[in-house]
Amino acid sequence: MGVNLTVGMGEIQVVRGAGNVLTALGLGSCVGVCLYDPLTRVAGMVHVVLPKSQASKTGELPGKFADTAIPAIVQRMVEQGASVSRLKAAIAGGAQLFQFGVSSSLDVGARNAEAVIIALREAGIPLQAKDVGGSAGRTLRLISDNGLIVVRTIGGAERELAVLGNILASSGVAA
Amino acid sequence: MSATGTPEKLQQLVQTIRDLPALPEVVVRVMRMTEDPRSDAQSIAKVIATDQAMAARVLKLANSAFYGLPRRVSTLSEAVVILGFRTIKNLAIAASTFELLNREIAGYWLQRGELWRHSLACAIGAQLIARKVRLPVVEEAFVAGLLHDIGKVAINLFVREQFDQIMERAQQDRIPFVEAEQAVLGFNHAMAGGLIAEKWNLPPSLVSVIKYHHQPSSAPDKDLMISVVHLADILSITMGIGIGGDGLYYALEEGTLATLAFEQADIDELCEQIVDQMARVVNLQEQPEVVLR
């Protein structure tokens, strides 16, 4: 029996095997990171809220920050049998307030996306696809059968972002 | 802002607001009693207890980790004594507006519960900001944040009919969604919220926060509380807490951060605190426990 899990702010969810669905609802400036190992079908999602952790407060919810989220989710996935060398990633979110001529000081969305991309690079995980920026809210879904990633714009259409389990399509990095 | 909406539409809005439920008599009485220095915990508890559903929610909120009570309170009078009149008044308002704010707001593509989550995040954020800027009425910030978007409930059906036009207008003219509402409908959710707050006889300062929460500098009273709620709202929207189809099509009014003496580091810290505290508030969607007295 597969499970259908919601990944709340700062949370990490990892599942193994087919039939599971991971969902992050209402991504604004937050970035949803999907990781997938096609061989073992270990799938993980983390809902990153901020780019950088403060040294004083690490540990409680490592998924909150890009720099601690990626190592933490990778470790959880390895514990479930995934191999770091097989992991592939797709990300969505990082939206920003609409730019109305005045430059906004609330650029946390852009900083989040950048920090996640850097953290993935440091972990040596290829980023297969991304849907970041803009001013719309997003819902992100990862299907564990084949690593299918679906993004829905709130109030808009749903589209397929990537299939992380598709070995044939794994050569092109969209970063 | 120009009003291109028809007078009939405005008439319909007024009618919609008239049809919204009144603030329960119990809350009105609690609000009055908590302002009266002669009131005592016993009598306030007694009034709340006359509405069982509300009483259950108030106790549930009082016992949530958010208030960090050292032990579980099992009676309302205990809750009034420990949390104080102002907090109890807030809990009563929160408990009584829950049904309304918890509705599905299809016009904004908000599923059931999403507007409540957004309102709660804004309430928590406003309280944190109010504390940081040392406003004397930190508890008022919670209620103001909770009710800031109440107008969305009233203009829901109008927005639903013309969502695409409003969004197009925002994108084409590069104006925030709330201004596009005004341009297309002739009114907006902040203004509608102000009308609801007036109908409920809420204090004028609260009416003003709701009415001007997207443009604090236009408020005649220039109350700092409006900037507090404005920033809390924009942060909650940015983080995506209970956002709908209007997404992040909003703006932080220029000068808000300077007014509140906030810097980038403060913003990040605030976002983190909102996330942490949201996790500590109980889920009112769950079946309320049965309580006595």
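Because the structure is a prediction, the values reported are computed rather than measured. (Residues numbered from 1 in each chain as written. Chains lettered and ligands numbered in written order. Predicted model: local features only at pLDDT ≥ 70, side-chain atom pairs only at ≥ 80, totals over all residues.)

*Asks:* Even after reading the chapter, I still don't get unusual backbone geometry, so can you show me in this structure?
*Replies:* Working note: non-glycine residues mostly have negative phi, and peptide bonds are mostly trans. Residues and elements named next belong to chain B. For R174, which is not a glycine, the phi torsion comes out positive at approximately 50 degrees. Here R174 shows up in the loop between α9 (151–173) and α10 (177–185). Assessed through the 14 C-beta atoms surrounding it within 10 Å, R174 is described here as partly exposed. (Helix = DSSP H or I, 4+ residues; strand = E, 2+ residues; numbered from the N terminus. Buried ≥ 20, exposed ≤ 12 C-beta atoms within 10 Å, placed from the backbone.)

*Asks:* What exactly am I supposed to notice about the nonpolar core here?
*Replies:* The tendency in soluble globular proteins is for nonpolar side chains to be buried side by side. One finds V33(A), C34(A), V116(A), V58(B) and A126(B) to be the most contacted residues of the largest nonpolar core, which totals 160 residues. It is helix α7 (residues 114–132) of chain B that contributes the most residues to this core, eleven residues altogether. Once residues lying within four places of it in the same chain are set aside, the contact partners of A126(B) are A141(B), F142(B), A144(B), G145(B), V228(B), V229(B) and A232(B). (Core = buried A, V, L, I, M, F, W, Y, C linked by C-beta atoms within 7 Å. Contact = placed C-beta atoms within 7 Å.)

*Asks:* Explanation requested: the environment of N188(B) in the structure shown.
*Replies:* Residue and element names in this part refer to chain B. With respect to the helices and strands, N188 occurs in the loop between α10 and α11 (189–199). On the basis of neighbour counts, which here come to 28 C-beta atoms within 10 Å, the residue N188 falls in the buried class. Sequence spacing of N188 and F177 is eleven residues, and the spatial spacing of their C-alpha atoms is 9.2 Å. Ignoring sequence-local partners within four residues, the contact set of N188 consists of V178, E181 and Q182.

*Asks:* Before we go on, may I ask you to explain the interface of chain B and chain A in this structure?
*Replies:* Frequently, the measure chosen for interface size is the accessible area that the parts lose on association. At the interface, 29 residues of chain B touch 25 residues of chain A. Of all the secondary structure elements, the ones that give two or more residues to the side of chain B that touches chain A are α13 (224–238) and α15 (264–278) of chain B. The element best represented in the side of chain B that touches chain A is α15(B), accounting for six residues.

*Asks:* I tried to follow the pairing of strand β6 (residues 88–93) of chain A on my own but got confused; where do I start?
*Replies:* With six of six residues buried, β6(A) is to be regarded as a mostly interior element. Of the two faces of β6(A), the one lined by K88(A), A90(A) and A92(A) and the one lined by A89(A), I91(A) and G93(A) are each fully buried.

*Asks:* For this particular structure, what's the right way to read the confidence of the model for chain A?
*Replies:* Predicted coordinates in areas of low pLDDT are best not read in detail. Summarising the model, chain A shows a mean pLDDT of 90, and 87% of its residues fall at 70 or more. Counted against residues more than four places away or in other chains, residues 169–175 of chain A, with its pLDDT under 50, gives 13 contacts. (pLDDT = per-residue confidence, 0-100.)

*Asks:* What is the right way to look at the sheet that holds strand β2 (residues 12–16) of chain A in this model?
*Replies:* Each strand in a sheet pairs with its neighbour through backbone hydrogen bonds, running either in the same direction (parallel) or in the opposite one (antiparallel). Residues and elements named next belong to chain A. Spatial strand order, β2-β5-β4-β6-β7: five strands in an open sheet with mixed pairing. A single partner strand is all that each edge strand has here, and the edge strands are β2 and β7 (127–132). Strand-to-strand twist of the sheet, defined as the mean angle between neighbouring strand axes without regard to direction, takes the value 10 degrees. Across seven bridges, strand β4 (residues 31–37) lies against strand β5 (residues 42–48) in antiparallel orientation. Bridge pairing links D37 to V42 in β5. Sheet strands in contact with helix α1 (residues 66–79) are β2, β4 and β5, and its direction is about 160 degrees off that of β5. Contacting β4, β5, β6 and β7, helix α2 (residues 108–123) crosses the sheet at an angle of about 20 degrees to β4. (Pairing = 2+ DSSP bridges. Axes fitted to C-alpha atoms, helices over the stretch in contact; angles between N-to-C directions.)

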